[in-house]
Amino acid sequence: MIKKIVLCLFALLFVGCGVETRTIDKASGDSKTYLFFKDFNPNNYYVEFFDRNNNKNDDTKIIMARSDDKYYYEIDGINNMINIWKDGYFYTIDNQLKNYSKVESPVKDYSLGILPYDIKGLRTKGYETGEEKVYGKNYIYEKYELDNGETTYYFSGNDLVYVKYNSIQNVIMFKYNLMKDDVSNKLFEIPKGYLEMTY
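Residues numbered from 1 in each chain as written. Predicted model: local features only at pLDDT ≥ 70, side-chain atom pairs only at ≥ 80, totals over all residues. Heavy atoms only, no water.

1. Looking at the overall build of the protein chain
Note the threshold: For the purposes of this entry, the term helix denotes a DSSP run of H or I that reaches at least four residues, the term strand denotes a run of E that reaches at least two, and both are numbered from the N terminus. In this treatment the radius of gyration is a C-alpha quantity, and the globule benchmark scales as 2.2 Å times the residue count to the 0.38 power. A simple rule labels every residue: compare its accessible area, found with a 1.4 Å probe on the protein chains alone, to the largest value its type can have, and call it buried under 20%, exposed over 50%, or partly exposed in between. Any two residues whose heavy atoms approach within 4.5 Å at even a single point are treated as in contact.
Within the protein chain one finds three helices and 13 strands. Over its C-alpha atoms the protein chain spans a radius of gyration of 21 Å, topping by over 25% the 16 Å that the globule rule assigns to 199 residues. Principal axes of the C-alpha set define a box for the protein chain whose edges measure 80 × 35 × 30 Å. Counting every position in the protein chain, which comprises 199 residues, the buried fraction comes to 38%. Within the protein chain, residue pairs in contact and separated by at least 24 positions form 50% of the contacts whose partners lie at least 6 positions apart.

2. Observations regarding unusual backbone geometry
Excluding glycine, most residues fall at negative phi; most peptide bonds, likewise, are trans. In this structure, Lys 98 is a non-glycine residue whose phi angle is positive, near 55 degrees. Following the sequence through the fold, Lys 98 ends up in the loop between strand S6 (89-94) and strand S7 (99-104). Lys 98 sits in the partly exposed class, given a relative accessible area of 48%. Even without being a glycine, Tyr 135 presents a positive backbone phi close to 50 degrees. With respect to the helices and strands, the residue Tyr 135 is situated in the loop between strand S8 (127-134) and strand S9 (137-146).

3. Section: the side chain of Asp 109
Selection rule: Two N or O atoms form a polar contact when they lie within 3.5 Å of each other; inside protein one atom must be a possible hydrogen donor and the other a possible acceptor, and for residues adjacent in sequence the pair counts only when both atoms belong to side chains.
Here Asp 109 shows up in the loop between S7 and helix H3 (119-122). Among the polar contacts made by the side chain of Asp 109, one reaches the side chain of Arg 66 at a distance of 3.1 Å. In this structure the side chain of Asp 109 is engaged in a polar contact, spanning 2.6 Å, whose partner is the side chain of Ser 111. The contact partners of Asp 109, leaving out residues within four places of it in the chain, are Tyr 45, Arg 66, Tyr 71 and Tyr 117.

4. A short note on the pairing of strand S4 (residues 70-76)
One face of the sheet, then the other: side chains in a regular strand alternate in exactly this way. Test applied: For two strands to pair, DSSP has to find at least two bridges joining them.
Sheet topology note: the strand S3 (residues 61-67)/S4 ladder contains seven bridges and is antiparallel. Bridged to Ser 67 within S4 is Lys 70. Taken together, S3 and the strand that follows it, S4, pair antiparallel across an intervening segment of two residues, in which Asp 68 is found at a positive phi of about 55 degrees. Sheet analysis places S4 next to strand S5 (residues 80-86), joined by six bridges and oriented antiparallel. Its bridge partner lying in S5, Ile 75 is registered against Met 81. Between the antiparallel neighbours S4 and S5 lie three residues.

5. A word on the packing of aromatic side chains
How we decide: To pair, rings of Phe, Tyr and Trp, with the six-membered ring standing in for Trp, must have centres within 6.5 Å; the planes then decide the type, stacked if under 30 degrees apart, edge-to-face if over 60, and tilted in the middle. Two conditions define a charge sitting above a ring: the NZ of Lys or the CZ of Arg must be within 6 Å of the ring centre, and it must be within 35 degrees of the ring normal.
Summed over the entire model, instances satisfying the criterion amount to 19 aromatic pairs. Note on Phe 49 and Tyr 176: the rings are 6.2 Å apart at their centroids and 75 degrees apart in plane angle, and the pair reads as edge-to-face. Taken together, the residues span a long stretch of sequence, with Phe 49 in strand S2 (residues 44-51) and Tyr 176 in strand S12 (residues 171-180) at a distance of 127 residues. In this pair, the class of Phe 49 matches that of Tyr 176, namely buried. An aromatic cluster is defined as three or more aromatic residues linked by ring pairs; in this entry it consists of Phe 36, Phe 37, Phe 40, Tyr 45, Phe 49, Tyr 127, Tyr 144, Tyr 153, Phe 155, Phe 174 and Tyr 176. Over the ring of Phe 188 we find Lys 70, and its NZ or CZ is 5.7 Å from the ring centre. Lys 102 extends its terminal NZ or CZ atom over the ring of Tyr 89, reaching a point 4.4 Å from the ring centre.

The following block contains the structure:
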């Protein structure tokens, strides 16, 4: 009988140690997401992620960078794809064949839903928080509802680990690698000697 009571107490203690799911209607600048991104400038940044849409060990690197009206997006894995938008043109660069194509196009921003853009609004934006298992490990999450989906940021302590963007079209899962606000203009240049392909 005493053994059963002790086991029940342990079970209650264990269940009580989990992080309760809560909804914060209005934040006060203390969310992990806001504190992580509070100095982020959506008009000038360089961010790296690792793709986690297929498995937890994928070393495909996703690079997003912006310098005012110039935008850079690269997938660097088994295949390499570089897209650059500048001066009203969209460039696709092939480093293997050392060529590029160029067409008139507005910027297609791949960071929407991944990186926050209204940092001031993020300070007080409501969210859901709790604990969730990702690839076998528990993380504290903060989930934000957006106009076109929802974004969940996963943290270990105060460190961002994963970002999941769930839109109408698909679900994107990235592992955070690094972020800096120093963007070199060289990133947006077409390598010298590359041949322009016209169609």
